Every structure is written in C-alpha cells, then in structure tokens.
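A structural walkthrough
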Amino acid sequence: MTLGYQSFSFIMLIQKTFIFLSLFFSLQASAVCDDLLRRINAVAVHNIKDQCGYGSCWAQAAVSVLERRVASRLGFHVELSATYLAIYNVLGSTKKAGFYTDISYEGSRVVKAFEIANSIGIMPKSDFMGDSEIEDFVWMLKQDVKKAEEESIRSAAEINQPDTFREHAYESYRIQKDEIVDKYLSFVPRSSFVVNGKHYSGPLDFKQQTLGEIRWRTFDLEEFGRGLVEGQLKRVLLKIREVLDKKESLTGSFYWPRDLLGNTGFVFLPKNLRDDPEAIEKIITSKSTGAHAVEIIGYELDETDNIKHIWMRNSHGEDFGFHGLFKMDMHFFKAFVRQVTHLL
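Residues numbered from 1 in each chain as written. Predicted model: local features only at pLDDT ≥ 70, side-chain atom pairs only at ≥ 80, totals over all residues. Heavy atoms only, no water.

1. Observations concerning the sheet that holds strand S5 (residues 266-267)
With respect to topology, 7 strands assemble into an open sheet ordered S3-S9-S4-S6-S7-S8-S5, the strand pairing being mixed. Of all strands in the sheet, those bounded by a partner on one side alone are strand S3 (216-220) and S5. In this sheet, strand S7 (residues 307-313) lies alongside strand S6 (residues 289-301) in antiparallel orientation, the contact comprising 6 bridges. From the neighbouring strand, tyrosine 299 faces S7, where its bridge partner is isoleucine 310. Contacting strand S4 (250-257), S6, S7 and strand S9 (337-343), helix H2 (residues 57-74) runs over the sheet at an angle of about 30 degrees to S6. The strands touched by helix H4 (residues 111-120) within the sheet are S3 and S9, with S3 carrying the most contacts at an inclination of about 160 degrees. (Pairing = 2+ DSSP bridges. Helix = DSSP H or I, 4+ residues; strand = E, 2+ residues; numbered from the N terminus. Contact = heavy atoms within 4.5 Å. Axes fitted to C-alpha atoms, helices over the stretch in contact; angles between N-to-C directions.)

2. Brief notes about the pattern of salt bridges
This structure, assessed with the given rule, holds 10 salt bridges. A salt bridge links arginine 313 to glutamate 295; the nearest nitrogen and oxygen atoms lie 2.7 Å apart. Of this pair, arginine 313 sits in strand S7 while glutamate 295 sits in strand S6, and the two are 18 residues apart along the sequence. Residues arginine 313 and glutamate 295 agree in their burial class; the two are buried. Taking the shortest distance from any N to any O, the salt bridge between lysine 327 and glutamate 300 comes out at 3.9 Å. One end of the pair, lysine 327, is in strand S8 (residues 325-329); the other, glutamate 300, is in strand S6, and 27 residues separate them in sequence. Within this structure, Lys49, Glu67, Glu79 and Lys125 form a network of salt bridges that share partners. (Salt bridge = Lys/Arg side-chain N within 4 Å of Asp/Glu carboxyl O. Buried < 20%, exposed > 50% of the residue type's maximum accessible area, 1.4 Å probe, protein only.)

3. Let's talk about the pairing of S4
For S4, the buried fraction is high: 8 of the 8 residues fall into the buried class. Examined bridge by bridge, S4 and S6 share 8 bridges and lie antiparallel to one another. When the sheet's bridge partners are listed, serine 253 is paired in S6 with alanine 293. Strand direction decides the pairing type here: S4 and S9, joined by 4 bridges, are antiparallel. Pairing of glycine 252 across the sheet is with valine 340, part of S9.

4. A few points about the packing of aromatic side chains
Remark: the centre distance and the inter-plane angle together describe each pair of aromatic rings, the angle taken between the planes. In the structure shown here, the tally under the stated rule is 11 aromatic pairs. Taken together, a centroid distance of 6.2 Å and an interplanar angle of 50 degrees make the contact between phenylalanine 254 and tryptophan 256 tilted. Grouping residues by exposure puts phenylalanine 254 and tryptophan 256 together as buried. If you follow lysine 327 out to its NZ or CZ, it ends over the ring of phenylalanine 266, 5.0 Å from the centre. Taking NZ or CZ as reference, arginine 338 lies 4.3 Å from the ring centre of tyrosine 255, over its face. (Phe/Tyr/Trp six-rings, centres within 6.5 Å; stacked < 30°, edge-to-face > 60°. Lys NZ or Arg CZ within 6 Å of the ring centre and 35° of its normal.)

Encoded structure:
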C-alpha cells in the first residue's frame, strides 16, 4: 500500500512539474514576445490566432483588426469569432454570390469579412460554437452539398440535350443549394449574449454598439508583383506606419509561395530572385502558390529610417514562427503583396 501511495505521489509530482514547466515556458515566450513588440514599433498582441486547418485566414485577419477597434471603444479586449463570419460566407452570402463547400474564401480578399460583419454583426468567440461542433457542422454541410451536386448532374444527364445540360444542371443545383442554406442557417447561433456584464441582443447589436458601420480603405496592389513602382510602395508603407503609430493594425493579403516559406519566423525573398521578374511571375502562377491573409502589427526601420521588415500575426497557432508571429522583408513584400487594408 505504501509503495502504491508513493508511486501515485511520484506520478502526481511529475504531472505538476510538467504543468509548471509548460506554464513557465509559455509565460517566458509571451514575455519575450511582448518585449520584442515593444522594441519594434508594434501594437500589442493579446492572443494568437489559429484557423485549425480551415481556409479562414481572411476572417482571422479581419477580426484581429476589428478586435483592436472594439477594445478602443470598450476599454478591454474581446476575442471575436472568425468562424462566425466564415460560416456565413458559406451560407449567408450563398444566394447572392456563389456556393462554397468549405469554410474558406480566397485568402487575398479580407474585405469580404468586413462586408459580412456589416450584414450579420460580430460576436465573441466564447459565445460561438466549439471546435468539435464546427467540425461536425462543416462535415454535414459538405455531405449535403456533394449530394446536391451529384443529383443535379444526374438529373441534367437524363435530359440528354447537350445545349441545355449546363443550364438545367445549374438550375437544379441552385434550387437544392437554397434549401441547404435555409436548413443550415437555422443551426447557426444568433442569440443574445453578455460581455463584461452588459447585455447585447445579438451580433448585430454588439457590432452597432462597439463599431457602428465598418468602413475601410483597401490598397489593391494586384499588379505590384509584376513590377512595383517605388512611389506606390512608398505610399503604402507610409500608411502602414501611420496606422500602426496610432496603435491600430492593418491586414495584408499576399500570394503565398509555399516553396519559399519555412517556419523560422522570417519570410524573405532569396537574392537570386530579387531582380528577376520572370521568375517572380512563374512563382505567382505556380500551382504550389496559394493566397494568404495576415494582420500587420509592426515594423522595423533601417539606419536611413526606412522600413526594412514588417511584422505580422499569422493564424496558424503559436508553433508558427516566433510565438505565432513572423517578419517579412521588403523584397518579399514588394513581390507578392496583393492588398493592404485598414479601417477608417
């Protein structure tokens, strides 16, 4: 009995030690991260985003910016649900523009999240679905969508008229997808909630009282990767400095060449590619290049007082880069930036 008790005590000691060390290193990493942000002209980071494998970077980046504006109005930080906006991209906007079969939207178009937020509001992450519920929700949605696609194609094929096949298939699918949308909209919570003791009747009420109408300005830099004019770059960088110096943040949307990315916390363009526009074009059009959106949170200056690195908060958890953050050099920024957006 004594041996068993001692063994149990030893196991408990190991567990407590592990918990203590995990907490210690987490606090240490957080402290180092805070110290870094103080040294590099950056805004504070309250939490690290994690899109958990879903293509919701556009929504993660957008709510990161919105959280800062909400905090400035309320006086405290509230973590918002990016998934609330992402699911409504699948559902709420379906009848107006396209039907997406995943929690995803092209990573470069952050303004989509602001548009959705103006339509349906915002809500705290703690008041939305848990991760397991979201996974079940998306799985069921995908099954229904797949079934509707198969049925519409089969129905159109029975007509055996090539000229009207596509039109019939689309019409059949449109009717079914509208029914799917109505079904799943009823699953998404839109009830009242309380934040710091104050009652809100729902996401729209919360948005109206904390943000009002969300307005933004976007620098659409789609062609920058194909020959950036220095004057254009200068204007964008001046705006980045201006917004960050006011302790707000921006979103950045990029072509995301996976072959050039690592997990070192530093995203840069190799020297052999810096003066090779044909190589950059080839990278941009490569199948391995995707689109990604992040929050721009800080900058570093060189000896001539020009920006040499831009710091960003990613949405791939704390294991990415430097405690969820990374910096990008100006060569990579110039080659692959697509949009920079800030709130008005």
